[in-house]
Amino acid sequence: MQQASLSSILGTQAPDLHSLGAYVPGDVRAGASIVMAAGMAGANWGGVRDRYLDPVNLADPTKPLAGQPGKAMKNYRQELAGWLKTRYGQEDRKAGRGEPRLL
């Protein structure tokens with residue numbers, strides 16, 4: 001596990017990051033993928049959620065994406081619901097709709 005600070009990357013030097021595999025003894029999973037993100041302060045997470053999880057914002061595949069502002073080529077709602085169920089056993093449903101409560 002590594003916690004980053006403001007000086008994690010200096011100039012053109014790139015850090016050498018590797019997954020150490022299981023963090024907890026007895027854990028047989030392969031380890032984590034490593035993701036680094038910078039400049040995320042002030043990100044519009046509601047906009048990300050709305051565009052990529054709300055099925056209303058799925059683009060029409062028969063039309064150019066450039067002509068569909070605010071639309072996404074892929075909706076990740078079911079993918080996220082499956083991951084949450086597998087990872088955390090979450091099966092939280094909206095009343096009467098049978099859909100994962102992600103929004």
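Structure's up top.
Scope of this entry: the structure provided in the associated data block. Keep in mind the model is a prediction, meaning the values are calculated, not measured.

**Digging into a nonpolar patch on the surface**
Taken together, the side chains of M40, W45, V48, Y52 and Y76 make up a nonpolar region of the molecular surface, amounting to roughly 480 Å² of accessible area. With respect to the helices and strands, the residue V48 is situated in helix α1 (residues 45-53).

**Observations regarding the packing of aromatic side chains**
Going through the model one piece at a time under the given rule, you end up with one aromatic pair. Positioned over the ring face of Y76 is K74, at 5.1 Å from the centre of the ring.

**Description of the pattern of salt bridges**
Tallied over the full model, the rule gives two salt bridges. Close ionic contact of D50 with R49 constitutes a salt bridge, the shortest N to O distance being 3.1 Å. R49 sits in the partly exposed class, given a relative accessible area of 34%. The closest approach of N and O atoms between K74 and E79, which form a salt bridge, is 3.5 Å. By relative accessible area, E79 is classed as partly exposed at 47%.

**Some points on helix α2 (residues 77-88)**
With twelve residues, α2 should cover 16 Å at 1.5 Å per step; its first-to-last C-alpha distance of 16 Å lies within 8% of that length. Taken together, the buried positions of α2 are R77, A81 and L84. Seen from one end, α2 has its buried residues packed into an arc of 65°, which puts them on one side. Exposed side of α2, more than 90 degrees from the buried face: Q78 and T86 are the residues found there. Buried residues in α2 make contact with α1.

**So, the side chain of Q68**
Within the secondary structure layout, Q68 lies in the loop between α1 and α2. Residue classification places Q68 among the buried residues on the basis of a relative accessible area of 11%. Reaching out from Q68, the side chain makes a polar contact with the backbone oxygen of P64 at a distance of 3.3 Å. Setting aside chain neighbours within four positions, we find Q68 in contact with A59, D60 and K63.

Cut-offs and rules
Residues numbered from 1 in each chain as written. Predicted model: local features only at pLDDT ≥ 70, side-chain atom pairs only at ≥ 80, totals over all residues. Heavy atoms only, no water. Patch = residues over 30% accessible without salt bridge, like charges linked within 9 Å, V, L, I, M, F, W, Y side chains within 5 Å. Areas by Shrake-Rupley, 256 points an atom, 1.4 Å probe, with all protein chains shown as cover. Salt bridge = Lys/Arg side-chain N within 4 Å of Asp/Glu carboxyl O. Helix = DSSP H or I, 4+ residues; strand = E, 2+ residues; numbered from the N terminus. Phe/Tyr/Trp six-rings, centres within 6.5 Å; stacked < 30°, edge-to-face > 60°. Lys NZ or Arg CZ within 6 Å of the ring centre and 35° of its normal. Buried < 20%, exposed > 50% of the residue type's maximum accessible area, 1.4 Å probe, protein only. Expected span 1.5 Å × (residues − 1). Arc of directions from axis to C-beta. Contact = heavy atoms within 4.5 Å. Polar contact = N/O pair within 3.5 Å; in protein donor to acceptor, adjacent residues only side chain to side chain.

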